[in-house]
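Residue strings, one per chain:
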Amino acid sequence: FFFQAEDGIRDAQESRGLGDVYKRQPLDPRTTLIYDKCGDAFLTRMEKKIETMIKEKIEDLRMNMVESNPFRTSWLNTLSERMKAYLRLFEGFKYSGKKPGIGKSTQNLHEEIDQLIRIKNDIIDEMEGKEFYAIPLNLSFVDLERIWQEVKNTDIHNILDEEIQYILAVSIFDYPNYILSVWIFLGVTFPKK
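Cut-offs and rules
Residues numbered from 1 in each chain as written. Predicted model: local features only at pLDDT ≥ 70, side-chain atom pairs only at ≥ 80, totals over all residues. Heavy atoms only, no water. Core = buried A, V, L, I, M, F, W, Y, C linked by side-chain atoms within 4.5 Å. Buried < 20%, exposed > 50% of the residue type's maximum accessible area, 1.4 Å probe, protein only. Helix = DSSP H or I, 4+ residues; strand = E, 2+ residues; numbered from the N terminus. Contact = heavy atoms within 4.5 Å. pLDDT = per-residue confidence, 0-100. Polar contact = N/O pair within 3.5 Å; in protein donor to acceptor, adjacent residues only side chain to side chain. Salt bridge = Lys/Arg side-chain N within 4 Å of Asp/Glu carboxyl O. Phe/Tyr/Trp six-rings, centres within 6.5 Å; stacked < 30°, edge-to-face > 60°. Lys NZ or Arg CZ within 6 Å of the ring centre and 35° of its normal. Pairing = 2+ DSSP bridges. Axes fitted to C-alpha atoms, helices over the stretch in contact; angles between N-to-C directions.

1. With respect to the nonpolar core
Core analysis: the biggest nonpolar cluster contains 25 residues, and I50, I54, I58, I147, V151, I172 and I184 have the highest contact counts within it. Where this core is concerned, the elements lending two or more residues are α2 (40-63), β3 (130-140), α5 (144-153), β4 (165-175) and β5 (179-191). In terms of residues, this core owes the most to one element, α2, which gives six residues. For I147, the contacting residues outside a window of four places in its chain are I50, M53, I54, L139, F141, V182 and I184.

Now the structure itself:
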């Protein structure tokens, strides 16, 4: 025989694992977890806050790089919404792409892949005559400082060229119990040389 401790009470029965202890305990509605999700308004505010923070910090770093010749930072905002569509698809692939057949049909996956290719081709067409370099980042939200450290670690702010334009898109996806998946698309364009 094995003995199980259950809040100081011992049962003289053969153990079938810890799950047994919890199955026999009555559920108290006052302590039952409620898995809430964040509202759309909150997510939009968080996206804007993160985007503003990243832009301000990159601009500050570039202004202070070379004291005699500070670098002005230009943002190409026209691509941000398309990049957000890209990030929505990445978030979907994060789960459904790992195990084929789970979560989405093969047809849906093919449609989403086609959509990604169309977005990519549109961007390439728009960037004609320019080079394009970008990094998608994905992390769980802990705090703004962690997000900034991940962005700073890309070293994208250290590109010392006046002709570059930065591209930034931020999308946040919420999950039960206020878990946030943050996607950041950070890129630069510059003339082909």
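2. With respect to the confidence of the model for the protein
On average, residues of the protein score 77 in pLDDT, and 72% of them reach the 70 mark or higher. Taken together, the stretch residues 1-12 has pLDDT below 50 and engages in 25 contacts with residues farther than four places along the chain or on a different chain. Across residues 15-23, confidence stays below pLDDT 50; counting only partners more than four residues off in sequence or on other chains, it has eight contacts.

3. Notes on the environment of I167
By secondary structure assignment, the location of I167 is in strand β4. Residue class for I167 comes out buried when judged on its relative accessible area of 0%.

4. A look at the side chain of Q165
Along the chain, the position of Q165 falls in strand β4. At 3.5 Å, the side chain of Q165 and the side chain of K130 are in polar contact. Not counting residues within four places of it along the chain, the set of residues in contact with Q165 comprises S74, L76, K130, G187, V188 and T189.

5. Structural notes on the pattern of salt bridges
Close approach of charged atoms lets side chains of opposite charge pair. A full pass over the atoms with the stated rule returns two salt bridges. E47 is the partner of K84 in a salt bridge, and the nearest nitrogen-oxygen pair spans 3.4 Å. Of this pair, K84 sits in helix α3 (residues 80-96) while E47 is found in helix α2, placing the two residues 37 residues apart along the sequence. Each of the two residues, K84 as well as E47, counts as buried. Here E51 ties to K55 by a salt bridge, and the two come within 3.7 Å at their closest N and O atoms. Of this pair, E51 and K55 both sit in helix α2, four residues apart, which is roughly one turn of the helix. Comparing E51 with K55, the two get one shared label, buried.

6. Let's talk about the packing of aromatic side chains
Within the structure shown, the criterion is met by two aromatic pairs. Pairing W75 with Y166 gives two aromatic rings, centres 5.3 Å apart and planes at 45 degrees, and the pair type is tilted. Note that W75 is positioned in the loop between α2 and α3 and Y166 in strand β4, a separation of 91 residues in sequence. As far as burial versus exposure is concerned, W75 and Y166 are alike and both buried. With centroids separated by 6.4 Å and ring planes inclined at 25 degrees, the aromatic side chains of F132 and F185 adopt a geometry described as stacked. Placement of the pair is F132 in strand β3 and F185 in strand β5, with a sequence separation of 53 residues. Its end group placed over the ring of W75, K55 keeps NZ or CZ at 5.3 Å from the ring centre.

7. What about the side chain of S181?
Mapped onto the elements, S181 comes out in strand β5. Look at S181 and you get buried, because its relative accessible area is 5%. At 2.9 Å, the side chain of S181 and the side chain of E91 are in polar contact.

8. What to know about the sheet that holds β3
Read from one edge of the open sheet, three strands run β3-β5-β4, paired in antiparallel fashion. Edge strands, defined here as strands with exactly one partner in the open sheet, are β3 and β4. With direction set aside, neighbouring strand axes in the sheet form an average angle of 15 degrees. Across the face of the sheet, α2 comes into contact with β4 and β5 while running at roughly 150 degrees to β4. Sitting on the sheet, α5 is in contact with β3 and β5, with an inclination near 145 degrees to β3.

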